[in-house]
Number of protein chains: 4
Amino acid sequence: MTRVTVWTEYRQERNDPAVASVYPDGIHTIIAEGLRDAGFDVRTATLDEPDHGLTDDVLAETDVLTWWGHVAHGEVDDVVVERVHSRVLDGMGLIVLHSGHHSKIFKRLMGTTCDLNWREAGDRERLWVVDPAHPIAESLGEGFTLDAEEMYGEHFDVPAPDRLVLISWFSGGEVFRSGCCYERGRGRIFYFRPGHETHPSYRHPGVRRVIANAVAWAAGPKGNAPERRDRPEAPGMESSGG
Amino acid sequence: MTRVTVWTEYRQERNDPAVASVYPDGIHTIIAEGLRDAGFDVRTATLDEPDHGLTDDVLAETDVLTWWGHVAHGEVDDVVVERVHSRVLDGMGLIVLHSGHHSKIFKRLMGTTCDLNWREAGDRERLWVVDPAHPIAESLGEGFTLDAEEMYGEHFDVPAPDRLVLISWFSGGEVFRSGCCYERGRGRIFYFRPGHETHPSYRHPGVRRVIANAVAWAAGPKGNAPERRDRPEAPGMESSGG
Amino acid sequence: MTRVTVWTEYRQERNDPAVASVYPDGIHTIIAEGLRDAGFDVRTATLDEPDHGLTDDVLAETDVLTWWGHVAHGEVDDVVVERVHSRVLDGMGLIVLHSGHHSKIFKRLMGTTCDLNWREAGDRERLWVVDPAHPIAESLGEGFTLDAEEMYGEHFDVPAPDRLVLISWFSGGEVFRSGCCYERGRGRIFYFRPGHETHPSYRHPGVRRVIANAVAWAAGPKGNAPERRDRPEAPGMESSGG
Amino acid sequence: MTRVTVWTEYRQERNDPAVASVYPDGIHTIIAEGLRDAGFDVRTATLDEPDHGLTDDVLAETDVLTWWGHVAHGEVDDVVVERVHSRVLDGMGLIVLHSGHHSKIFKRLMGTTCDLNWREAGDRERLWVVDPAHPIAESLGEGFTLDAEEMYGEHFDVPAPDRLVLISWFSGGEVFRSGCCYERGRGRIFYFRPGHETHPSYRHPGVRRVIANAVAWAAGPKGNAPERRDRPEAPGMESSGG
């Protein structure tokens, strides 16, 4: 069974009544609930735990990590970022959610600023499937609608996605590349846009379906770790491939 | 100077008063005007000319061909389609406009159905730049707006673009990958969405800028034609590259 | 269980003693044997059967089609080519083998000439994995070696692959993009280079592993067929995604 | 005129007689000579200069930076790395040469380990053009040969290149993706493999041609810097695009 670790800051839910009213037990609890319902083996971890809850042991037992952060990106220890980065390159899947676009780990993997435009005005958001054959689009049909969300607008400063699965339409007039797949090292990475802390998007069946599909995709086969070495002689590959 | 041939069907402008009122001298005349203003050497060709105006000689003297068709795709002679196809693979640029998505030449190059959804309801369209460093995005800033256009919606059944430059937002609720770059053989191909025959989009400065930028991009360097042959011996490449 | 149809011309094996000595019962028999050993439900079809063995019924019951042709590409009926093309866009996987690069169906899907260079001199070929996390690379390690094969050299005139999994090295001095993934419509396509009719490559465990991995990959999830229609009103997507 | 800054460590040339005999005045001198011959405005900078020669002023006046490092990657100041990184995202071109694959700046931009395999045995290297229409391939024909070079072998742990222009063949049996294009932010990045310090590759006309082509490509148009801001209202794009 695929093992998922759901990571969030879990700060605004404790400090900000407007957030607490939407996610009284933390955003991680609701994301985890959705993934358990989808049949995954889920644990959670949050910023204020020792090692942010992301020890070597936890990561070694994690097939896919989901990441939500917003107001405290700077408090994430660089040691933990490097640990997560190393595990992703070694094959752990990573699902970066909403304001996680500015997390250290996402910027570390992308190599760009990951900047974007935004507006907190409760725009209506429609998420359109533009790659219907991708596993992350499974059962989504043409897409789905969120009645109110924060707007994210282009230009989104990321490398061109290896696969672009979803594009968002906002009632205020913007578009956004909302579902972006990347492969780095042996790890699969998916950025998924929705999930502002004042909107109940992680309870929405479409959002839950995307996250579950993305976890299944990101847990996919990894092959073997490539060998890295000085090679005093050319390799004999005669016996391999069997 | 880059030599452009502007091709259109030139049918609805002669038969349909609603179209004639917008483009009395044909869509090709207005596209050509915009490209001449941008400094290109422009000729036009239309469906009802002999060989559709696209003889070997014309194509040999064409660096970039723009293509607009709508109601008469089926009347384009397969011989001419193969002639254009061959020239594109040999390095001629091709700009496919609006309903040209269903032209024989575009489907021939893409290998897919090139189907999409649509609505003729005068939607407001916003075209957003999602790849600001691409030459086709030059001077566009964040994008531009067309007050009324036909809607095209996803899923657009084309291969994933080699570069995606523009995404459209429609007031009715849809998005569309509106500016798609492809390279096939030694030719550069750009699909650009706007331009329904009942809207004056080819007079709009933003649309004109995109088409001019696309022509300049598609006229870019082509390298040499690759050699194709049986090679009884391994090649001696020692003297090349100089 | 994934249903595979193995298609070959089955001509040279009957006419040319040098080929018959390597594949006395036809290339298809040996490819099919390898796929049965890998656990697939396999049937075969060949050029001289009615409809080339590829009726609507057969294709409807085929999840993945493998294609080997060489001397008789021109004899494949265009009607059958369109039938296969339509099924690929609708989600059937397609594995194109060796000289199948010049088949009508591959050129139809790619939109390019699919030309390349070649040499029949029994070069040693090493196939290197360049995308070790791709499912088609699974269990291949760094790659494998074929003691003698026909050489295929660049430039290979195909669209840039969506994913490049294998690159070949030839003892005569050439390289070749030997394992190329494409997605078109809802279908997955894999081009795989080895398999000249005078060499027993389809008995090699590495080649068999690649073909089996490719079949498993190409049989992957397809999502739903996109809807195609005029839309007099904007879609209501509220209830979807569940 | 395009302004190029050629950066190298300039250490082994001063300490190691085997290197000094090939590049007595430093590798940078010879790279710079080739670029001046190609018509560029060239300056050089090296590790042991203050700020490694890469002050804000120097970078502000640099359109394209070339980077060669090998034994002292760890001595490059992180402040300078961030400065270069920021300039690349803002539009400065970057050409990473040979052992620069392990430089801080390349790893920072790629987000991966950039590991590879290698052998110092004076292999013969053939560089094949696999994208003949790319500007970096101009005038290269099919490619060229270096009589003796260090071998670099796959797997090369980088993101899949946005465009793959060159693949190397080595006499010892390996292949390598030798010419890789990336776009990050508004900057263009090219990785080019040859150039071990004990071989005179930077005097070779083919290598010089690639570097000159790459500089011209990387200096290409950048568009405008995207705006980044909270947007209390939807944007009015009506007046843009003109």
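Residues numbered from 1 in each chain as written. Chains lettered and ligands numbered in written order. Predicted model: local features only at pLDDT ≥ 70, side-chain atom pairs only at ≥ 80, totals over all residues. Heavy atoms only, no water.

Draft legend 1. Structural view of the overall build of chain A. If you tally the helices and strands in chain A, you get 7 helices and 9 strands. Over its C-alpha atoms chain A spans a radius of gyration of 18 Å, differing by no more than 12% from the 18 Å that the globule rule assigns to 242 residues. Counting all 242 residues of chain A, 63% fall into the buried class. Considering only contacts within chain A whose residues lie at least 6 apart along the sequence, 72% involve residues at least 24 apart. Surface accessibility of chain A: about 7700 Å² in total, with carbon and sulfur atoms responsible for 47%. (Helix = DSSP H or I, 4+ residues; strand = E, 2+ residues; numbered from the N terminus. Rg over C-alpha atoms; globule rule 2.2 N^0.38 Å. Buried < 20%, exposed > 50% of the residue type's maximum accessible area, 1.4 Å probe, protein only. Contact = heavy atoms within 4.5 Å. Areas by Shrake-Rupley, 256 points an atom, 1.4 Å probe, with all protein chains shown as cover.)

Draft legend 2. Structural view of the interface of chain D and chain C. At the junction of the two partners, chain D supplies 19 residues and chain C supplies 20 residues. When residues of chain D are sorted by the area they lose upon contact with chain C, Trp128(D), Trp169(D) and Val175(D) head the list and together hold 32% of the total. Linking chain D to chain C there are 0 salt bridges. On inspection of chain D and its partner chain C, the count reaches 6 residue pairs in polar contact (both at pLDDT 80 or more). Those elements giving two or more residues to the side of chain D that touches chain C turn out to be β5 (117–129), β7 (163–170) and β8 (175–184) of chain D. Sorting elements by how many residues they give to the side of chain D that touches chain C places β7(D) first, with 5 residues. In the side of chain D that touches chain C, the residues fall into 9 nonpolar, 5 polar and 5 charged. (Buried area = accessible area lost by both parts, 1.4 Å probe. Salt bridge = Lys/Arg side-chain N within 4 Å of Asp/Glu carboxyl O. Polar contact = N/O pair within 3.5 Å; in protein donor to acceptor, adjacent residues only side chain to side chain. Nonpolar A, V, L, I, M, F, W, Y, C, P; charged D, E, K, R; others polar.)

Draft legend 3. Layout of the sheet that holds strand β5 (residues 117–129) of chain A. Residues and elements named next belong to chain A. One open sheet accounts for 9 strands, arranged β2-β1-β3-β4-β9-β8-β7-β5-β6; its pairing is mixed. Bordering the open sheet on either side are β2 (41–46) and β6 (143–153), each of which pairs with just one other strand. Each strand axis lies, on average, 25 degrees off the axis of its neighbour in the sheet, ignoring direction. Strand direction decides the pairing type here: strand β1 (residues 3–8) and β2, joined by 6 bridges, are parallel. Considered in β2, the bridge of Trp7 is made with Ala45. Lying over the sheet, helix α7 (residues 205–218) contacts β1, β3 (64–68), β4 (93–97), β6, β7 (163–170), β8 (175–184) and β9 (187–192), oriented at roughly 165 degrees with respect to β9. (Pairing = 2+ DSSP bridges. Axes fitted to C-alpha atoms, helices over the stretch in contact; angles between N-to-C directions.)

Draft legend 4. How the structure looks around the sheet that holds β5(D). All names here are of chain D. Taken in spatial order, the 9 strands of this open sheet run β2-β1-β3-β4-β9-β8-β7-β5-β6, and their pairing is mixed. In the strand order of this sheet, the two ends are held by β2 (41–46) and β6 (143–153), each with one partner. Geometrically, the sheet is characterised by an average inter-axis angle of 25 degrees between neighbouring strands, direction not taken into account. Two elements, strand β4 (residues 93–97) and strand β9 (residues 187–192), share 4 bridges in a ladder whose sense is parallel. Considered in β9, the bridge of Ile95 is made with Phe190.

Draft legend 5. Summary view of helix α3 (residues 27–37) of chain C. Restricting attention to buried positions, one finds in α3(C) the residues Ile27(C), His28(C), Ile30(C), Ile31(C), Ala32(C), Gly34(C) and Leu35(C). Positive phi shows up at Gly39(C), right after α3(C), with a value of about 100 degrees.

Draft legend 6. Structural detail: the environment of Ala212(A). Residue and element names in this part refer to chain A. Mapped onto the fold, Ala212 is located in helix α7. Its relative accessible area of 10% is what places Ala212 among the buried residues. For the pair Ala212 and Leu97, spaced 115 residues apart in sequence, the C-alpha separation works out to 13 Å.

Draft legend 7. Summary view of the packing of helix α3 (residues 27–37) of chain B against helix α7 (residues 205–218) of chain B. All names here are of chain B. Between α3 and α7, whose axes approach to 9 Å, the crossing angle comes to 65 degrees. The angle between the axes of α3 and α7 places the two elements in the roughly perpendicular class. Classified by chirality, the crossing of α7 by α3 is right-handed. Contacts between α3 and α7 involve Ile30, Glu33, Gly34, Leu35 and Asp37 on the former and, on the latter, Arg208, Ile211, Ala212 and Val215. Split by residue class, the contact of α3 with α7 holds 5 nonpolar, 1 polar and 3 charged. (Parallel < 35°, antiparallel > 145°, perpendicular 65-115°, else oblique. Left-handed = near helix turned anticlockwise from the far one by under 90°.)

Draft legend 8. Representation of the relation of the copies chain D and chain C in the model. When chain D is fitted to chain C, the residual RMSD is 0.0 Å, and the transformation amounts to a turn of 180 degrees plus an axial shift of 0.0 Å. Both chain copies can therefore be described as sitting about a two-fold axis. The C-alpha atom lying nearest the rotation axis in chain D is that of Trp169(D); the distance is 3.3 Å. (Least-squares fit on C-alpha atoms with pLDDT ≥ 70 in both.)

Draft legend 9. Main features of the pattern of salt bridges. For the coordinates displayed, the defined rule picks out 92 salt bridges over all chains. For Glu33(A), the salt bridge is made with Arg208(A), and the minimal N-O distance between the two is 2.6 Å. With a gap of 175 residues between them, Glu33(A) in helix α3 (residues 27–37) and Arg208(A) in helix α7 connect regions that are remote in the sequence. Since its relative accessible area comes to 36%, Glu33(A) is described here as partly exposed. Salt-bridge contacts for Arg3(B) lead to Asp63(B); the nearest nitrogen and oxygen are separated by 3.0 Å. You can see Arg3(B) sitting in strand β1 (residues 3–8) and its partner Asp63(B) sitting in the loop between α4 (56–60) and β3 (64–68), a full 60 residues away along the chain. A relative accessible area of 23% means that Asp63(B) is categorised as partly exposed. Salt bridges sharing common partners tie together Arg11(A), Arg14(A), Asp48(A) and Glu75(A).

Draft legend 10. Molecular detail of the packing of aromatic side chains. Under the criterion given, the structure shown has 30 aromatic pairs over all chains. Here the aromatic rings of Tyr23(D) and Tyr202(D) are separated by 6.3 Å at their centres, their planes lie at 45 degrees, and the arrangement is tilted. Taken together, the residues span a long stretch of sequence, with Tyr23(D) in the loop between α2 (17–20) and α3 (27–37) and Tyr202(D) in the loop between β9 and α7 (205–218) at a distance of 179 residues. No difference in accessibility class separates Tyr23(D) from Tyr202(D), as the two residues are buried. Ring centres of Phe190(D) and Phe192(D) lie 6.1 Å apart, and the angle between their planes is 20 degrees; on these two criteria the pair is classed as stacked. Each member of the aromatic cluster is reached from another via a ring pair, and the members are Phe106(A), Tyr152(A), Phe156(A), Phe176(A) and Tyr191(A). (Phe/Tyr/Trp six-rings, centres within 6.5 Å; stacked < 30°, edge-to-face > 60°.)

Draft legend 11. Highlighting the confidence of the model for chain A. Residue and element names in this part refer to chain A. Taken over all residues, the pLDDT of chain A has a mean of 94, while the share at 70 or more is 92%. For residues 238–242, every residue scores under 50 in pLDDT, and the model assigns this stretch 15 contacts once sequence neighbours within four places are set aside. As a predicted assembly, this complex carries a pTM of 0.96 together with an ipTM value of 0.94. (pLDDT = per-residue confidence, 0-100.)

Draft legend 12. View of the environment of Ile167(D). As for its position among the elements, Ile167(D) is in strand β7. Beyond its immediate stretch of four places on either side in the chain, Ile167(D) contacts Ile167(C), Val175(C), Arg177(C), Arg126(D), Leu127(D), Trp128(D), Val130(D), Val175(D), Phe176(D) and Ser178(D).

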